[in-house]
Amino acid sequence: MEKRATFSKLWLGMLFVLPQMLLVFTFFYWPTGAALYWAFTLERPWGGGNEWVGLDNFRQVFADRAYWASITRSLIFAGTTTALSMGSGLLLALACDRGLKFRKAFQTLYVWPYAVVAPAAALAFRFIFAPEAGLFSLIAKSHPEVWNPTQNGYHAMAMVIFCYSWKYAGLCFIFFLAALQAIPRSVIEASALDGASVLRRARDIQIPLITPTIFFLIVISITDSFQDSFGIVDVMTDGGPAKATELMVYKIYFDGFRGLDYSGAAAQSIVLMFIMMALTFFQFRFIEKRVHYS
Amino acid sequence: MASLELKKVEKKFGQSHVVKGVDLVVEPGEFVVILGPSGCGKSTLLRMVAGLEAITAGSILINNRIVNELEPRERGCAMVFQNYALYPHMSVAENIGYALKVAGLSKADRDLKIRKVAQTLGLTEFLERKPSQLSGGQRQRVAMGRAMIREPAVFLYDEPLSNLDAKLRVSMRGEIRRLHQRLGTTSLFVTHDQIEAMTLADRIVVMNEGKIEQIATPHEIYNKPASLFVADFVGSPGFNLIEGVYDSSQHAFVGLGGGVLSLDRAKTPTTLPPRLIIGFRAECAVVTGEGSDPSFRVDYIEDLGATKHVQGFFDDQKIIIAVKGDEALPSGSDFRLKIKADDLHFFDPMSGRRVVQ
């Protein structure tokens, strides 16, 4: 048995737990509970009571083709951003782990994007990618069919995906680097003596040994991509053009606070919550089997 | 079988000079042990041969070919690491066969060779296990198997036995010796354990502070240490070193405290420096009963069963004598020491080197 420090008085222990519980309750259970309640009632836009409508809100949401489109979009967004940010993060981490020149400087530089808040990053990229002025305007002016995110939905989506991945690559990088550096040096050296080239070593030795980190990053970046994408979409595209970048979380905001359909938005957020739970469950159930915990 | 040659090999890590010009020739099929205290540069030397560490100056030749610029995999060396460095996510069979897989051998060919190596090392029943399911000794064997299967030109061992318990160490030592007798692969073995060095080596290289102190057979290292360092480092319970001067008129050694040890004229070097350190092994001195000329005073005795280690003083300088079990030597009493002329060693305190005949 582990030895535990115990409080002689129950109330003293409770007192210490209270602040944290208060935070969790205020910012998690209360909003979730409220959303759940709203999802089953019809809220009047200007306040003044509500009425119980059962599953009507959900029926309405699922009948909406725009909603299904936003789910598809969110899944595509989750898949591509996770692949892009993890792929580039891993590549940079492998390079830094090799101990190339100026490694320390790059190490710091690569983490910075994650420290930039999403809307700020989005604003910067909006100027870079804008078709009217900025770096990409040169292409946009001569070849509008190649680059025009204000008109072309695919271009807009690509832009949002790029910006989000850029930001999250920094997070993936730092986790991957830490995992790679935890591999004993002698194991890498042994594989070098066994004749494996740098790429072969990465494939056969390093990547299999960091699967716990890969799994962890897949789970959190898919989950985060459903939530954290809001700031970037809001600043860069407002969900446009023609709703081409309207992800689930943005649609919740848009329907709720612009469309004043609180009840529909609440139902959507409950659906979002269940999708995230299902995805996480799926990952633990099926992907974790391939993880080597040493 | 390959030869290995090191020519004026140096290594600097920034300001610290770790290996200071090492010359060494390992004959084909020879088993050479590099022995030294921790931090003497022996592991660095081995890693430079393997190609895991760049050489600051000098050159390394394997089979008379300079390998300074070659990648580890192109040198034909296999290495057994101190912590085994097995691939934790691969089975024993995959660990042993990884080099062959990288080399592009077919699965059938690989399996055949893996089976053969596993049989040699007694690992057949463990082939499907992961390294984490093996004991220390088994892991050690897998590491050896992984090195063996490539049929390397040179075998490199980096303190491979130091993570094992004492008993296992002895049996693995025997296995390494037997394996070498069978395969005859040129081997370089690094250790700080003198027993390992004495039992395994055809020749021992004693290193200290990045330099070679002596290269010789175990017998010669033990019986003719080339320097004070080698004398002190090799052998247990120890080498007695007594400082004094040479008195040429009576042809005797006079300790700093005035104790006199007369020398055999026929068996001492003809030219001895005026200041001198004489040395002899603890088991080479014979205690000859009480006498009026006190030269050895017993301090205390450590009884090890088969032998007794008698701690005492010669002429105020601490020495240790090993005697057979049942001699009674009360502490505080004085005795005389008798040392055969052949067992006396003379060193120059200035250079620390042996005074040769």
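Bear in mind the structure is a predicted one, so any value in this text is a computation, not a measurement.

**Some thoughts on the layout of surface pockets**
Part 1 of the argument: Taken as a whole, the largest pocket encloses approximately 780 Å³ of empty space.
Part 2 of the argument: Considering the residues around the largest pocket, the lining is formed by 26 residues, among which R98(A), A192(A), V198(A), R201(A) and E71(B) are closest to the centre.
Part 3 of the argument: Going through the elements one at a time, α3 (65–97), α8 (185–193) and α9 (198–209) of chain A together with α2 (72–75) of chain B are the ones with two or more residues in the lining of the largest pocket.
Part 4 of the argument: Element by element, the count of residues in the lining of the largest pocket is highest for α9(A), at 5 residues.
Part 5 of the argument: The volume enclosed by the second largest pocket comes to roughly 580 Å³.
Part 6 of the argument: Considering the residues around the second largest pocket, the lining is formed by 21 residues, among which P31(A), A35(A), I252(A), A265(A) and S269(A) are closest to the centre.

**Some words on the interface of chain B and chain A**
Part 1 of the argument: Each partner contributes to the interface: chain B provides 21 residues, whereas chain A provides 17 residues.
Part 2 of the argument: For the pairing of chain B and chain A, the buried interface totals around 1,800 Å² over both sides, and the portion due to carbon and sulfur atoms is 61%.
Part 3 of the argument: It is R73(B), H89(B) and Y98(B) that lose the most area in chain B upon contact with chain A, and together they represent 33% of the buried surface on that side.
Part 4 of the argument: For the pair chain B and chain A, the interface holds 1 salt bridge.
Part 5 of the argument: The salt bridge involving E189(A) is made with R47(B); its shortest N-O contact spans 2.6 Å.
Part 6 of the argument: For the pair chain B and chain A, the interface holds 8 residue pairs in polar contact (both at pLDDT 80 or more).
Part 7 of the argument: Elements represented by at least two residues in the side of chain B that touches chain A include exactly α1 (42–50), α2, β6 (77–80) and α3 (92–103) of chain B.
Part 8 of the argument: Of the residues contributing to the side of chain B that touches chain A, the split by class is 14 nonpolar, 2 polar and 5 charged.

**With respect to the sheet that holds strand β4 (residues 57–62) of chain B**
Residues and elements named next belong to chain B.
Part 1 of the argument: The 4 strands are arranged β2-β1-β4-β5 in an open sheet whose pairing can be described as antiparallel. The sheet is open, and its two edges are formed by β2 (16–26) and β5 (65–66), each paired on a single side.
Part 2 of the argument: One ladder, built from 2 bridges, connects β4 with β5; its direction is antiparallel. By the bridge assignment for β5, I62 is matched with R65.
Part 3 of the argument: Strands β1 (4–13), β2 and β4 of the sheet are contacted by α1, whose axis makes an angle of about 115° with β1.

**Observations regarding the nonpolar core**
Part 1 of the argument: If you look at the biggest cluster of nonpolar residues, it comprises 81 residues, and the most contacted ones within it are F176(A), L4(B), L6(B), L45(B), I60(B), L156(B) and L188(B).
Part 2 of the argument: Non-local contacts of F176(A), meaning those with residues more than four positions away in its chain, are made with M86(A), G89(A), L90(A), A93(A), I210(A), T213(A), I214(A) and L217(A).
Part 3 of the argument: Formed by 42 residues, the second largest nonpolar core is a distinct cluster that contains L100(B), L123(B), M144(B) and M172(B).

**Some thoughts on a nonpolar patch on the surface**
Part 1 of the argument: On the surface, a cluster of nonpolar side chains totalling about 460 Å² of accessible area is made up of W11(A), L15(A), L18(A) and L22(A).
Part 2 of the argument: Within the element layout of this structure, W11(A) appears in helix α1 (residues 10–39).

**Some thoughts on the sheet that holds strand β12 (residues 252–255) of chain B**
Residues and elements named next belong to chain B.
Part 1 of the argument: One open sheet holds the 5 strands; their spatial order is β13-β12-β11-β14-β21, and the pairing between them is antiparallel. At either margin of the open sheet sits one strand with a lone partner, and together these are β13 (260–262) and β21 (345–347). Across the sheet, the mean angle separating the axes of adjacent strands is 40° when strand polarity is ignored.

**So, the domain arrangement of chain B**
All names here are of chain B.
Part 1 of the argument: Each domain of chain B was delimited in the assignment, giving domain 1 (4–228) and domain 2 (239–347).
Part 2 of the argument: Spacing between the C-alpha centres of domain 1 and domain 2 amounts to 40 Å.
Part 3 of the argument: Counting residues at the interface gives 8 residues for domain 1, matched by 7 residues for domain 2.
Part 4 of the argument: Surface buried jointly by domain 1 and domain 2 totals about 540 Å² across both partners, of which 64% is contributed by carbon and sulfur atoms.
Part 5 of the argument: Taken as a group, Y222, P225 and L228 account for 84% of the area that domain 1 buries against domain 2, more than any other trio of residues on that side.
Part 6 of the argument: On the surface where domain 1 and domain 2 come into contact, there are 0 salt bridges.
Part 7 of the argument: Applying the counting criterion to the domain 1 and domain 2 interface returns 2 residue pairs in polar contact (both at pLDDT 80 or more).
Part 8 of the argument: Among the elements that make up the side of domain 1 that touches domain 2, the one with the highest residue count is helix α8 (residues 218–223) (3 residues).
Part 9 of the argument: Its residues assigned to classes, the side of domain 1 that touches domain 2 comprises 5 nonpolar, 2 polar and 1 charged.

**Some details on the packing of α3(A) against helix α7 (residues 153–181) of chain A**
Residues and elements named next belong to chain A.
Part 1 of the argument: Between α3 and α7, whose axes approach to 6 Å, the crossing angle comes to 40°. Viewed along their axes, α3 and α7 adopt a mutual orientation that is oblique. When the axes of α3 and α7 are compared, the crossing they make is right-handed.
Part 2 of the argument: Looking at the contact of α3 with α7 residue by residue, the class counts come to 19 nonpolar, 7 polar and 2 charged.

Conventions we followed
- Residues numbered from 1 in each chain as written.
- Chains lettered and ligands numbered in written order.
- Predicted model: local features only at pLDDT ≥ 70, side-chain atom pairs only at ≥ 80, totals over all residues.
- Heavy atoms only, no water.
- 1 Å grid on protein atoms, 1.4 Å probe; cavity = no way out; pocket = protein on both sides within 12 Å on 5 of 7 lines; lining within 4 Å.
- Points joined across faces, edges and corners; volume = space filled by probe spheres on them.
- Helix = DSSP H or I, 4+ residues; strand = E, 2+ residues; numbered from the N terminus.
- Contact = heavy atoms within 4.5 Å.
- Buried area = accessible area lost by both parts, 1.4 Å probe.
- Salt bridge = Lys/Arg side-chain N within 4 Å of Asp/Glu carboxyl O.
- Polar contact = N/O pair within 3.5 Å; in protein donor to acceptor, adjacent residues only side chain to side chain.
- Nonpolar A, V, L, I, M, F, W, Y, C, P; charged D, E, K, R; others polar.
- Pairing = 2+ DSSP bridges.
- Axes fitted to C-alpha atoms, helices over the stretch in contact; angles between N-to-C directions.
- Core = buried A, V, L, I, M, F, W, Y, C linked by side-chain atoms within 4.5 Å.
- Buried < 20%, exposed > 50% of the residue type's maximum accessible area, 1.4 Å probe, protein only.
- Patch = residues over 30% accessible without salt bridge, like charges linked within 9 Å, V, L, I, M, F, W, Y side chains within 5 Å.
- Areas by Shrake-Rupley, 256 points an atom, 1.4 Å probe, with all protein chains shown as cover.
- Domains from an automatic or database assignment.
- Parallel < 35°, antiparallel > 145°, perpendicular 65-115°, else oblique.
- Left-handed = near helix turned anticlockwise from the far one by under 90°.

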